[in-house]
Amino acid sequence: MKVKAAVAWGPNQPLSIETVDLEAPKKGEVLVRIVASGVCHTDAYTLSGVDPEGLFPVILGHEGAGIVEEVGEGVTSLKKGDHVIPLYTPECGTCKFCKSGKTNLCQRIRETQGKGLMPDGTSRFSKDGKPIFHYMGTSTFAEYTVCAEISLAKIDPKAPLDKVCLLGCGVTTGIGAVLNTAKVEKGANVAVFGMGGIGLSVIQGAKMAGAEKIIAIDINDAKFEMAKDFGATDFINPTKINSVTEEVIKLTDGGADYSFECVGSTKLMRQALECCHKGWGTSVIIGVAAAGEEISTRPFQLVTGRVWKGSAFGGVKGRTELPGYVDRYMKGEIKIDEMVTFTMPVEQINDAFKYMKEGKSIRSVVTF
Ligand code: DAO
Ligand code: ZN
Ligand code: ZN
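Residues numbered from 1 in each chain as written. Chains lettered and ligands numbered in written order. Predicted model: local features only at pLDDT ≥ 70, side-chain atom pairs only at ≥ 80, totals over all residues.

**Points about the site of ligand 1**
- What surrounds ligand 1 is the set T42, T89, L105, R110, C169, T173, V288 and A312.
- For the shell around ligand 1, the per-class residue count stands at four nonpolar, three polar and one charged.
- Two domains each provide a minimum of three residues to the shell around ligand 1, namely domain 1 (2-168 + 336-367) and domain 2 (171-312). (Near = placed C-beta within 6 Å. Nonpolar A, V, L, I, M, F, W, Y, C, P; charged D, E, K, R; others polar. Domains from an automatic or database assignment.)

**Some words on the domain arrangement of the protein chain**
- Assigned domains of the protein chain: these are domain 1 (2-168 + 336-367) and domain 2 (171-312).
- For domain 1 versus domain 2, the separation of C-alpha centres amounts to 29 Å.

**Describing the nonpolar core**
- I59, V164, V190, V192, I203 and F260 are the most contacted members of the largest nonpolar core, which totals 110 residues.
- Shared between two domains, this core takes at least three residues from each, and those domains are domain 1 (2-168 + 336-367) and domain 2 (171-312).
- Discounting chain neighbours no more than four positions away, the residues touching I203 are V192, I214, A216, A227, F230, G231 and A232. (Core = buried A, V, L, I, M, F, W, Y, C linked by C-beta atoms within 7 Å. Buried ≥ 20, exposed ≤ 12 C-beta atoms within 10 Å, placed from the backbone. Contact = placed C-beta atoms within 7 Å.)

**Focus: helix 5 (residues 170-182)**
- Its 13 residues give helix 5 an end-to-end C-alpha distance of 17 Å, which sits within 8% of 18 Å, the value for a rise of 1.5 Å per residue.
- Within helix 5, the axis deviates most sharply at G176, by approximately 45 degrees.
- Most of helix 5 sits inside the fold, with 11 of its 13 residues counted as buried.
- Residues of helix 5 that are buried include every one of G170, V171, T172, T173, G174, I175, G176, A177, V178, T181 and A182, and no others.
- Looking one or two residues past helix 5, K183 carries a phi angle of roughly 55 degrees, positive in sign. (Helix = DSSP H or I, 4+ residues; strand = E, 2+ residues; numbered from the N terminus. Expected span 1.5 Å × (residues − 1). Bend = angle between axes of the 7 residues up to and from the residue.)

**Quick word on the sheet that holds strand 14 (residues 282-285)**
- Read across the open sheet, the six strands follow the order 12-11-10-13-14-15; overall the sheet is parallel. Every other strand in the sheet has two partners, leaving strand 12 (234-236) and strand 15 (307-310) as the edge strands with one partner each. Adjacent strand axes in the sheet meet at a mean angle of 20 degrees, parallel and antiparallel pairs treated alike.
- Here strand 10 (residues 189-193) runs beside strand 11 (residues 213-217); their pairing, made up of five bridges, is parallel. Bridge pairing in strand 11 links N189 to K213.
- Contacts from helix 8 (residues 244-251) reach strand 10, strand 11 and strand 12 within the one sheet, and its direction differs from that of strand 11 by about 165 degrees.
- Where helix 9 (residues 266-274) meets the sheet, it contacts strand 10, strand 13 (258-261), strand 14 and strand 15, and its direction lies at approximately 175 degrees from that of strand 13. (Pairing = 2+ DSSP bridges. Axes fitted to C-alpha atoms, helices over the stretch in contact; angles between N-to-C directions.)

**A closer look at the confidence of the model for the protein chain**
- Confidence along the protein chain averages 98 in pLDDT terms, with 100% of residues attaining 70 or more.
- Under the prediction, the complex receives an ipTM of 0.96, its pTM being 0.97. (pLDDT = per-residue confidence, 0-100.)

**Considering unusual backbone geometry**
- For the bond from F56 to P57, the omega torsion is -5 degrees, close enough to zero to count as cis.
- Tracing the backbone through its elements, the reader meets P57 in the loop between helix 1 (41-48) and strand 4 (63-71).
- Here N12, not a glycine, exhibits a phi torsion of approximately 60 degrees, which is positive.
- In this fold, N12 is placed in the loop between strand 1 (2-7) and strand 2 (16-22).
- On the basis of neighbour count, N12 is assigned to the exposed category, with 9 C-beta atoms found within 10 Å.
- For M136, which is not glycine, the phi torsion reads 55 degrees and is therefore positive.
- On the secondary structure map, M136 appears in the loop between strand 7 (130-132) and strand 8 (144-148).

**Side note on helix 12 (residues 349-357)**
- Inspection of helix 12 places I349, A352, F353 and M356 among the buried residues, and these make up the whole buried set. The arc that holds every buried residue of helix 12, seen down its axis, measures 95 degrees, which confines them to one face.
- Along its buried surface, helix 12 packs onto strand 1, strand 3 (29-39), helix 1, strand 16 (340-345) and strand 17 (363-367).
- G359 occupies a position one or two residues after helix 12 and carries a positive phi of about 70 degrees. (Arc of directions from axis to C-beta.)

**Some remarks on the sheet that holds strand 2**
- Taken together, the four strands give an open sheet; going across it, the order is 1-2-6-7, and neighbouring strands pair in antiparallel fashion. Two strands lie at the open edges of the sheet, namely strand 1 and strand 7, each paired on one side alone. Geometrically, the sheet is characterised by an average inter-axis angle of 50 degrees between neighbouring strands, direction not taken into account.
- Relative to strand 2, strand 1 runs antiparallel, the two sharing six bridges. Paired with V3 across the two strands is V20, which belongs to strand 2.

Right, here's the structure in full:
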C-alpha cells in the first residue's frame, strides 16, 4: 500500500514528507494506523548523524499510538480495530530476559531491530523499489507502520491517542524509573536532574510514590512552574549556586535517597550520584548519553554505600504493564496533557524538531 511518511534520507537533513510503499504484515507482524506520535530527543539524536547505529534512509519515531488495521499470519493477541502503543522494548514473554523477572529488556528481536529491519531480516518500507529502514521496531512517523506483534501493547480504546502516545517513551521512562527501578518509598527525598518530559515524569512518579522532598534541578527557571505543578517541592538552578551536590546535601540533611539523571550528560550523572546519601542513596541514569561517552566517580562513593543504576523504558514490561499506565492516565492519576506543548500535522514535523532544540517545547505531537 502507499502511505504518507516523514522520511529521513540522510543525517542532519530535514525530514521529507513522502508517499512510500509499505508491504503487508508478514508472519507475527501487525499493520498499525498511526494516529499520533510524540517527537523525542532520541529521534533527534539519530537524525543528527552522531548515533553510530543510525541508519539511513529511515522512518524515525518511537512514541506513537494507533489502531490495528490488519494482522499477519499467526497473530493471535491482536485484531483489527484494537488500539495499541508500539514498543521499542518488546515483550515476548519467553526469552531468557523476559523469563528472568529481572528486566524488561526482551531480546527476542533485538538483533534485527538494531539493524532497522523486521524480525525476518527485511524491511516493509520502500520507495521506488529501494528499502527504507525501520527505527526502534516502531517507525511511528508514518501514517501506517508494521510492527512485530510482541512490540505492541493493547490499550483502552477510549484513551486519546494524541496524548497517550507519550506513554510510548518519555512518560513511562520517567514514572517507571521511580516505581520500578528505584522503588522510591513514601517519605523519601528525591533529586531530579533535567526538567524535560522525562524529568517531569520522574517528578510525578516521585509524587505518586509519596516522596517527601522532590528537588527539581534545571538551568532554566521557566521550567520550575511546571515542575511544581507536577509535584516538585524545591528547585535548584545550577547556574546560580556553587555546587549542586552540596546544595542537594544541604536541602536533604545528608543527601538524596534517590536521584535521577534525565538529560544524558555524564557530568550530571556524576553529580547525581554524588548528591546521594551516604550508606544507601541510589542514583538512576535515564538520560541517554552520546555513544562512546564514559562516566566516572571516585570508587569511594560506591564503597560508602551509594548505588548507581539505570533503566530503559522505566523498566516497564510493555505488553503487561503499559495498559495499566493508560488506565492510570484515564483515572487522572498520571498527567500527560500538560506535557504536550504543540500538536501539529505531520507535515510540520520539522518545526517539532526545531522547537525541541530551542527548548520551546516539552513535547510536540504530530498527527496523521
Ligand atoms: O535491549 O539492548 C537493548 C536495547 C534497549 C533499548 C534502549 C533504548 C534506550 C533509549 C530510549 C530513549 C529514551 C529516552
Ligand atoms: Zn524517546
Ligand atoms: Zn522476551
